[in-house]
Every structure is written in structure tokens, then in C-alpha cells.
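Descriptive analysis of the structure
Next come the chains, spelled out residue by residue.
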Amino acid sequence: MKTKDGKPKEIIKDVRVIIDCVELRCETPSLPADQKQLYSAYYNNNTYKLLLGCTPNGYICFSSAFWSGSVSDNNIVKKSGFLEYLLPGDAVIADKGFGIRGDLALKGCKLHIPPKLKGKTLKPRASTKARRISNARIRIERAIRRLKTFRILARVQQLT
């Protein structure tokens, strides 16, 4: 998209990557220990998880290995090697559930997440920023939908 003066429309200036975790349902393992490891309370099912990152243009630029469904999104970000690709001054857009602000600060990076609203209304400036973040997050949601629609991850995967 472009603005009226022909320049590209900026989502947020310093954004390097937009991240989210994807959960994919899998068959129930026969061993109870494996069932416990793969069980996701969010989906009430056995799942694998992976961390995806996409550029502000919508191209997938990072994919972690598969993790069991019981692992938190924050742990996947910390242990997947994602943080090693960031440079000081970069910014990451994530969902509200990602509590990685401190880890990013150690790398000299910023985290943009939508504000948590509990019966509050936003001031106009905060509302504009929240809208820009939400519009940017659509790109990762579309990338996830493409992975699922085109069954890109349908073959047998190794669990880390």
C-alpha cells in the first residue's frame, strides 16, 4: 500500500518480523507419557507447535522445529534460536500472550503487542498504534492459513 504522496505505507518503522505460534493437531500417541507431553489445554487435543515469523510484506522468514503442544510460546521463542537472528534496533510484533519483552530488551530490540483492554477505551494515539499492530498481525495469520490450507506441513515431522 502507498500513501497519497507515493511513498510505501509504514506499518511501524522498525519492525523486522511478526511472530506467532501455530498448533497442528496430531494423532493421539499410545503411551500415556507421550500423550501428556503433546496435550494442549488450549485445543483440548494432542498437538505439535512451531514458531513462525514473517516479514512485514508477508513472507515467511523463520520457522522453528516442531515442539510438543504442552510447551509455552515463550519457551519456544527462547529455545528455538529465533532471538539470535535479531539485531539491535529491530522490533518484533507479537500477540498479547508473548511475554518476551525482557529477552528482546537484552538484544536491544523492541516488542510491539496490542494493548490489553478490560473495559477501558484507548486514547486516539494509542488507538492508532493498536490498529497498526493489528493490521500487521494479519500478515502472520494469513501465512498460517496458507500453511494449513495448502497442507504444507502434512508430512511426518520429527519432534525436538
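Moving on to helix 4 (residues 124–149). With 26 residues, helix 4 extends 37 Å between its outermost C-alpha atoms, agreeing within 8% with the 38 Å of an ideal straight helix rising 1.5 Å per residue. Within the sequence span of helix 4, burial applies to Ala130, Ile133, Ala136, Arg137, Ile140, Ala143, Ile144 and Leu147. Against strand 1 (15–25), strand 3 (45–54), strand 4 (60–63), strand 6 (91–93) and strand 7 (110–112) lie the buried residues of helix 4. Following helix 4 by one or two positions, Arg151 adopts a phi angle in the positive range, close to 50 degrees.

Turning next to the packing of aromatic side chains. Under the counting rule described, the total for this entry stands at 4 aromatic pairs. A centroid spacing of 5.1 Å and a plane angle of 85 degrees characterise the contact between Tyr42 and Tyr43, whose relative ring orientation is edge-to-face. Since its relative accessible area comes to 70%, Tyr42 is described here as exposed. With relative accessibility at 29%, the residue Tyr43 sits in the partly exposed group. Ring plane angle 85 degrees and centroid distance 5.9 Å describe the contact between Tyr48 and Phe66, whose orientation is recorded as edge-to-face. Placement of the pair is Tyr48 in strand 3 and Phe66 in the loop between strand 4 and strand 5 (67–68), with a sequence separation of 18 residues. Among the aromatic side chains, those forming a connected cluster through ring pairs are Phe62, Phe82 and Tyr85.

The next point concerns the side chain of Thr47. Mapping Thr47 onto the fold places it in strand 3. Overall, Thr47 belongs to the buried group, its relative accessible area being 1%.

Pairing of side chains with opposite charge becomes possible as their charged atoms draw close. The final tally for this structure, using the stated rule, is 7 salt bridges. Residues Glu141 and Arg137 are paired through a salt bridge, measuring 2.7 Å at the closest nitrogen-oxygen approach. Separated by 4 residues within a single helix, Glu141 and Arg137 lie in helix 4, roughly one turn from each other. Overall, Arg137 belongs to the buried group, its relative accessible area being 8%. What emerges from the salt-bridge pattern is a single network uniting Asp20, Asp95, Arg137 and Glu141.

What follows is about the pairing of strand 4. Note that strand 3 and strand 4 share 3 bridges and pair antiparallel. In the strand pairing of strand 4, Gly53 is matched with Phe62. Between the end of strand 3 and the start of strand 4, which pair antiparallel, lie 5 residues, with Gly58 showing a positive phi angle near 105 degrees.

Conventions adopted
- Residues numbered from 1 in each chain as written.
- Predicted model: local features only at pLDDT ≥ 70, side-chain atom pairs only at ≥ 80, totals over all residues.
- Heavy atoms only, no water.
- Helix = DSSP H or I, 4+ residues; strand = E, 2+ residues; numbered from the N terminus.
- Expected span 1.5 Å × (residues − 1).
- Buried < 20%, exposed > 50% of the residue type's maximum accessible area, 1.4 Å probe, protein only.
- Contact = heavy atoms within 4.5 Å.
- Phe/Tyr/Trp six-rings, centres within 6.5 Å; stacked < 30°, edge-to-face > 60°.
- Salt bridge = Lys/Arg side-chain N within 4 Å of Asp/Glu carboxyl O.
- Pairing = 2+ DSSP bridges.

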